[in-house]
Amino acid sequence: MIKLIYTALGMAVLLTINACSASGGTTPTPTPSAEIRPVQLTESRTIYYSRYTDNGLSTSYEHGITFSSNKNGKITQLGGKVPASGNYRMTVWDDSSKAILASTNVALDSLSYKYTAITPVDIIANKKYVVSINVLKAAFYLKDNLNYEFMPMYESGITIHYYNDAKTSAQTFPNRTPNTYKIYGLPDFVFIANQ
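Below you will find a few notes about this structure. (Residues numbered from 1 in each chain as written. Predicted model: local features only at pLDDT ≥ 70, side-chain atom pairs only at ≥ 80, totals over all residues. Heavy atoms only, no water.)

**What to know about unusual backbone geometry**
Thought 1: That bond from Met151 to Pro152 is cis: its omega, 5°, falls within 30 degrees of zero.
Thought 2: Following the sequence through the fold, Pro152 ends up in the loop between β9 (138-144) and β10 (153-155).
Thought 3: One non-glycine residue with positive phi stands out, namely Asn126, at about 70°.
Thought 4: Locating Asn126 in the fold gives a position in the loop between β7 (114-123) and β8 (129-136). (Helix = DSSP H or I, 4+ residues; strand = E, 2+ residues; numbered from the N terminus.)

Spelled out as structure tokens, the structure:
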């Protein structure tokens, strides 16, 4: 009789566990991946501000930021903010090989950051990449209010190491002298870490 009671209790416990699991009662549900927009997040800090600049020439610049992530993940969107509304070419580069990993035109304006989805680009933790935007003549820039060097800068798992550019309208890897106190062009991206 006691053996029958223990068997019945064991069956009841198993049925309860299965019922809870089926209804989602005890099984944790996965949380959605957090999207990180590092330049937009940086600009939102009170110690930073962006300004409009005009280089005074009719020359385009390939404005780029060199960054790395502390986790493997993907870039899913490219975007930014510019003084003059229009379509802007944006590129993801491998920093060591200078190879183009993705490129697209993004519709941007001066009111807020805008983004366009791309075929996801795999990002390897602690490896450097570059995201750039080609802007003719006028661009915003981001700097510290006290004009200090603020890069390398850590934002939600992303390190922005420095800004760089190329003085050209051609799709060219931005590799002039690195700059650690301003980010011109305000190129940005959406990063999602792997789960």
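**Structural notes on the nonpolar core**
Thought 1: Ranked by size, the top nonpolar core spans 38 residues in total, and within it Phe67, Ile75, Leu78, Val131, Ile160, Ile183 and Phe189 carry the most contacts.
Thought 2: The residues contacting Ile75, other than those within four sequence positions of it, are Phe67, Val92, Ile118, Thr119, Pro120, Val121, Ile123, Val131, Phe189 and Val190. (Core = buried A, V, L, I, M, F, W, Y, C linked by side-chain atoms within 4.5 Å. Buried < 20%, exposed > 50% of the residue type's maximum accessible area, 1.4 Å probe, protein only. Contact = heavy atoms within 4.5 Å.)

**Brief notes about the sheet that holds β7**
Thought 1: With antiparallel pairing, the four strands of this open sheet are ordered in space as β1-β13-β4-β7. Every interior strand has two partners, whereas the edge strands, β1 (35-36) and β7, have only one.
Thought 2: As paired strands, strand β4 (residues 73-80) and β7 are joined by seven bridges and run antiparallel to one another. Bridging from a neighbouring strand, Gly73 pairs with Ile123 of β7. (Pairing = 2+ DSSP bridges.)

**Examining the pattern of salt bridges**
Thought 1: For the coordinates displayed, the defined rule picks out eight salt bridges.
Thought 2: Salt-bridge contacts for Lys81 lead to Glu43; the nearest nitrogen and oxygen are separated by 3.0 Å. Note that Lys81 is positioned in the loop between β4 and β5 (86-94) and Glu43 in helix α2 (residues 38-44), a separation of 38 residues in sequence. With respect to class, Lys81 is no different from Glu43; both count as buried. (Salt bridge = Lys/Arg side-chain N within 4 Å of Asp/Glu carboxyl O.)

**Some thoughts on the environment of Asp94**
Thought 1: Tracing the chain through its elements places Asp94 in strand β5.
Thought 2: Overall, Asp94 belongs to the buried group, its relative accessible area being 10%.
Thought 3: Taking the C-alpha atoms as reference, Asp94 lies 9.5 Å from Phe173; in sequence the two are 79 residues apart.
Thought 4: When neighbours within four sequence positions are excluded, Asp94 is seen to be in contact with Ala99, Leu101, Lys127, Lys128, Tyr129 and Phe173.
Thought 5: Side-chain polar atoms of Asp94 contact the side chain of Ser96, separated by 2.8 Å. (Polar contact = N/O pair within 3.5 Å; in protein donor to acceptor, adjacent residues only side chain to side chain.)

**As for the sheet that holds strand β6 (residues 100-108)**
Thought 1: One open sheet holds the six strands; their spatial order is β6-β5-β8-β3-β11-β10, and the pairing between them is antiparallel. Strands with a single pairing partner mark the edges of an open sheet, and in this sheet they are β6 and β10. Averaged over all neighbouring strand pairs, the angle between strand axes comes to 30°, with direction disregarded.
Thought 2: Relative to β6, β5 runs antiparallel, the two being bridged by eight bridges. (Axes fitted to C-alpha atoms, helices over the stretch in contact; angles between N-to-C directions.)

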